[in-house]
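# Coordinate inspection notes
Below, each chain spelled out in residue letters.
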Amino acid sequence: MDLDDVRRTASEMLSKLSRVVVGYREEQRLLIASMLAGGHVLLEGVPGIAKTTMVKALGRLMGLTEDYVEIGGVRYKGFSRIQFTPDLLPSDITGSLIFNPSTRSFEPRLGPIFAYIVLADEINRAVPRTQSALLEAMQERQVTIGDSTYPLEDRGRGKFFMVIATQNPVEQEGTYPLPEAQLDRFLMRIIMEYPEGLEDEKNVFRLHLGRLSEPYEELESIVEPGWLIEAQRTVAGGVDVGEDILDYVTRLVRTTRPTIFKPAARFFELGASPRAGISLIRASQAYAAIRGSGSVEKQDVDAVLFPVLNHRLIPNMDRVIEAEEEDRFHARVRVIREGLKLIVDQVSA
Ligand SMILES: Nc1ncnc2c1ncn2[C@@H]1O[C@H](COP(=O)(O)OP(=O)(O)O)[C@@H](O)[C@H]1O
Ligand SMILES: [Mg+2]
């Protein structure tokens, strides 16, 4: 596999996705970039705007179904959806030991996290302890049940592991927003808004006219799941990151920190960590690969800057309150956007 294969397949995915999800072109490109970079994604947006649909469509294109495959003695589902609710327990995600009366012993029952792509739907509806079970598994890429530890990823055997979580930004009664320290387990937070214009929204309705089933159900797979492992390796090893880009990323990350660049304090209480910088580089490489380039350019870094950093920065609350015209969520987003613009201008000057 070479970079051109990756570009071609990514572009086929984008064109297939565009047939079943109206709009959100850039959001879809970012989702595929995260997948190529081996990262997990948080999709944030109000209900009913095709978040779940987009993830299910991606699963189909990747050749993932609800069927099980056995790899190294562990059974994994291709695609698994976990609906988060207030009564969901950690063991409902990871699994547990159950007593088998016929053998008079405890046997592991692996939970729905044992899959290639896990759709963690509406994660902010579960209690923090359950959210933590998911986030820990995402980080460790393995799960311990009883005395045994099971891998969630087995790259040598073509098994990848990706969590795509969705979250509603409207803080309703009985929701538990994830703290920033946990949010940084996600490579990107991709924010999805309502369809932009009247015509875009009309096109959504048009797509569903005269149909009883969901359009994404008609999608066929275009690759085998194992394709991704190869593609990730090709991107990480094949897309050059020049000294100038490394320098640019380092300056961007450092400039977000009020301790280093004082004016950043007007926007951020807390800047980006080294982990954020590593994520920025990985995501830029994947973005460049999708664009068909063998080396990262400034435009790639700029394209992923907001989705990679927006959930890791803590905005200055005084400014958020000043900016609050609609709701708290969008005020926070606006402050982070403005802050990042200042950072880019400062570093580029
Ligand atoms: N932009 C869109 N393109 C295609 N279908 C859409 C779009 N927005 C909403 N829908 C349709 O609306 C319904 C709700 O979508 P869903 O993916 O469940 O939303 P969410 O997960 O954001 O709550 C589905 O039938 C979906 O196909
Ligand atoms: Mg949904």
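Residues numbered from 1 in each chain as written. Chains lettered and ligands numbered in written order. Predicted model: local features only at pLDDT ≥ 70, side-chain atom pairs only at ≥ 80, totals over all residues.

On to the domain arrangement of the protein. Annotation of the protein at the domain level lists domain 1 (3–230) and domain 2 (239–348). Relative to domain 2, the C-alpha centre of domain 1 lies at a distance of 25 Å. Counting residues at the interface gives 23 residues for domain 1, matched by 22 residues for domain 2. Those elements that provide at least two residues to the side of domain 1 that touches domain 2 are helix H1 (3–20), helix H2 (25–36), helix H6 (180–183) and strand E10 (188–191). Ranked by residues supplied to the side of domain 1 that touches domain 2, first place goes to H2 with 6 residues. In terms of residue class, the side of domain 1 that touches domain 2 is built from 16 nonpolar, 2 polar and 5 charged. (Domains from an automatic or database assignment. Contact = placed C-beta atoms within 7 Å. Helix = DSSP H or I, 4+ residues; strand = E, 2+ residues; numbered from the N terminus. Nonpolar A, V, L, I, M, F, W, Y, C, P; charged D, E, K, R; others polar.)

Taken together, the 4 bridges between strand E2 (residues 68–71) and strand E3 (residues 74–83) define a ladder with antiparallel strand orientation. What sits directly across from Val-69, in E3, is Tyr-76. Hairpin connection from E2 to E3: 2 residues lie between these consecutive antiparallel strands, with Gly-72 at a positive phi of about 55°. Across 6 bridges, E3 lies against strand E6 (residues 115–121) in parallel orientation. Its bridge partner lying in E6, Ile-82 is registered against Ala-120. (Pairing = 2+ DSSP bridges.)

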